[in-house]
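# Understanding the architecture of this molecule
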Amino acid sequence: MTIATLLLLSALSTPATAISVHGTVELLENGTTQTVKRFMKIPEGSTLITRANSHLSIRFESGSQLRVGPDSKITLSQVEQSEKAGERTEKIRLLFGKVWARVMKLVGNKAVFEIRTKHAVAGVRGTAFWAESAGSQDSFSVDHGAIALLRENAKPLTLEGRGAHCTASSGGISAASRLENRAIEQLRTQVGGAPASA
């Protein structure tokens, strides 16, 4: 076995797993469409679409979890797990709709979890949060922990603590605000579940 082969094997694409499926959820991969079923493997590069009154929960090999609300579309852009626990990459593209993510604590500088929308990238290192993309505006809200919002040619914005919230659009990222408990409960309901414990 060559060194190049060993390096390739040390960081392989690892599929996520659908742990809960309610309603109609479709997986698009290599030009084919199939209905998502519980315990189905969701490979890197695939796109998931939830229909009205439907939602999906997927778990990554790292233990991180993503809930996808109704009328949403995401792509698993990159999902890799190295043999070393601290080296993993989980990148999700939120094309439209709403998601909730619970990210297992990242250890080391080579661990990445991010959700990219049209207007910003949310990078995290152990937290739970919601992201929503509605075309002209995206929004980000913290369940617990903190997220860093990044945008090209702009200073990063950190949202920290329960209910921390901001929006992003072609005009930039808004100042941080805080959601009331009622709004947080609505977000929970919209993605089909309760939050992870802090």
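Structure first, text after, so check above.
Residues numbered from 1 in each chain as written. Predicted model: local features only at pLDDT ≥ 70, side-chain atom pairs only at ≥ 80, totals over all residues. Heavy atoms only, no water.

## Remarks on the overall build of the chain
Across its full length, the chain carries 2 helices and 19 strands. Considering the chain as a whole, with its 198 residues, one finds that 44% of them fall into the buried category. By sequence separation, contacts in the chain at least 24 residues apart represent 45% of the contacts at least 6 residues apart. For the chain, the accessible surface area stands at approximately 10,000 Å², while carbon and sulfur atoms represent 51% of it. (Helix = DSSP H or I, 4+ residues; strand = E, 2+ residues; numbered from the N terminus. Buried < 20%, exposed > 50% of the residue type's maximum accessible area, 1.4 Å probe, protein only. Contact = heavy atoms within 4.5 Å. Areas by Shrake-Rupley, 256 points an atom, 1.4 Å probe, with all protein chains shown as cover.)

## A few points about the pattern of salt bridges
One pass over the full model with this rule turns up 5 salt bridges. Glu114 serves as the salt-bridge partner of Arg116, at 3.5 Å between the closest nitrogen and oxygen. Overall, Glu114 belongs to the buried group, its relative accessible area being 13%. Among the ionic pairs, Arg188 bridges to Glu185, the shortest N-O distance being 2.5 Å. With a gap of 3 residues between them, Arg188 and Glu185 both fall in helix α2 (residues 181-190), about one helical turn apart. Owing to a relative accessible area of 38%, Glu185 belongs among the partly exposed residues under this scheme. Through salt bridges with shared partners, a single ionic network connects Asp143, Glu185 and Arg188. (Salt bridge = Lys/Arg side-chain N within 4 Å of Asp/Glu carboxyl O.)

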